[in-house]
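Now for the letters of each chain:
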Amino acid sequence: MDTIFTKIIKGEIPCYKIAENDKFFAFLDINPLAKGHTLVVPKLQVDYIFKLEDEMLAEMMVFAKRIAAAIEANVPCERIGIAVIGLEVPHTHIHLVPINKVGDLNFANPKCKLSEEEFKEIAAKIAQSVKL
Ligand code: AMP
């Protein structure tokens, strides 16, 4: 059965897309910890990051690095925090979150409410900065 992320990758469910290549896809988290919070997912539907083949995992981190650089170029922050939770959606994904302090990466924090326009605007800015 397709996960919600596979449906996004296939274009069956809308998303605020950032970038894709032949193996990976990046889009904004719909319930972000911060403006610019992005998810990086493999197109191959594997439920848990540590089930990925070594080469795929390494390539995913390099893809995430490129996306993080584009977020950093558009969202003022100290760092792009990286997290893997995976308790909600059983499709490997890396969270890339702009942070200024350690507590900003706490998933128990209240989420950031953005309008559709704000989602579109930040997605477009990040997307245009991506250099894969
Ligand atoms: P977790 O599996 O615990 O890492 O959490 C899954 C993440 O996916 C959460 O941060 C959700 O906000 C996010 N999410 C779930 N559905 C969507 C969607 N349709 N579009 C974008 N992000 C989503």
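All values derive from a computational prediction rather than experimental measurement.

**Some details on the environment of Thr-38**
And then number 1: Within the secondary structure, Thr-38 is located in strand E3 (residues 38–42).
And then number 2: On the basis of relative accessibility, which here comes to 0%, the residue Thr-38 falls in the buried class.
And then number 3: As a C-alpha pair, Thr-38 and Lys-51 span 13 residues in sequence and 22 Å in three-dimensional space.
And then number 4: Among residues more than four places away in sequence, those in contact with Thr-38 are Ile-18, Ala-26, Phe-27, Leu-28, Asp-29, Ile-67, Ile-71, Ile-94, His-95 and Leu-96.

**Comments concerning the sheet that holds E3**
And then number 1: Judged by pairing direction, the sheet is antiparallel, and its 5 strands sit side by side in the order E1-E2-E3-E5-E4 without closing on themselves. The strands lining the two open edges of the sheet, one partner per strand, are strand E1 (17–20) and strand E4 (79–83). Geometrically, the sheet is characterised by an average inter-axis angle of 20° between neighbouring strands, direction not taken into account.
And then number 2: Its contacts with the sheet put helix H3 (residues 116–129) on E1 and strand E2 (24–28), and the angle it makes with E1 is roughly 30°.

**Considering the site of the ligand**
And then number 1: Near the ligand lie 16 residues; those nearest to it are Asp-29, Gly-86, Glu-88, His-93 and His-95.
And then number 2: A distance of 2.9 Å separates an oxygen atom of the ligand from a polar atom in the backbone of Glu-88.
And then number 3: A distance of 2.9 Å separates an oxygen atom of the ligand from a polar atom in the backbone of Val-89.
And then number 4: Protein burial of the ligand: of its 500 Å² of free accessible surface, 88% is covered by the chains.
And then number 5: Those elements giving two or more residues to the shell around the ligand turn out to be helix H1 (4–9) and E2.
And then number 6: No other element matches the 3 residues that H1 contributes to the shell around the ligand.
And then number 7: When its residues are assigned to classes, the shell around the ligand shows 10 nonpolar, 4 polar and 2 charged.

**Details of the side chain of His-95**
And then number 1: Structurally, His-95 is set in strand E5 (residues 94–99).
And then number 2: Only 2.8 Å separates the side chain of His-95 from the side chain of His-37, close enough to count as a polar contact.
And then number 3: Dropping the residues within four chain positions of it, His-95 is found in contact with Asp-29, His-37, Thr-38, Leu-39, Gly-81, Ile-82, Ala-83, Ile-85 and Phe-107.

Conventions used here
- Sequence order sets the numbering: in each chain, residues are counted from 1 along the sequence as written.
- Side-chain atom pairs in this predicted model are given and counted only at pLDDT of 80 or more, local residue features only at pLDDT of at least 70, and totals for whole chains, interfaces and linings cover all residues.
- Derived side-chain values reflect all non-hydrogen atoms in the structure, with water molecules and hydrogen atoms excluded from consideration.
- Counting from the N terminus, the helices are the DSSP runs of H or I reaching at least four residues and the strands are the DSSP runs of E reaching at least two.
- Burial classification: accessible surface area is computed with a 1.4 Å probe over protein chains only, and a residue below 20% of its type maximum counts as buried, one above 50% as exposed, and the rest as partly exposed.
- We call two residues in contact whenever any of their non-hydrogen atoms come within 4.5 Å of each other.
- A pair of strands is treated as paired once DSSP finds two or more bridges between them.
- Between the N-to-C directions of two axes lies an angle of 0 to 180 degrees, each axis being a line fitted to C-alpha atoms and, for a helix, fitted only over the stretch in contact.
- The cutoff for a nearby residue is simple: one of its non-hydrogen atoms must lie within 4 Å of the molecule or strand.
- By the criterion applied in these results, polar contacts are pairs of N or O atoms within 3.5 Å in which, for protein atoms, one can donate a hydrogen and the other can accept it, and in which residues neighboring in sequence qualify only through two side-chain atoms.
- Only the protein chains shown count as cover for residues, with accessible areas throughout obtained via the Shrake-Rupley method and a probe of 1.4 Å.
- In this classification, Asp, Glu, Lys and Arg are treated as charged, Ala, Val, Leu, Ile, Met, Phe, Trp, Tyr, Cys and Pro as nonpolar, and every other residue, Gly included, as polar.

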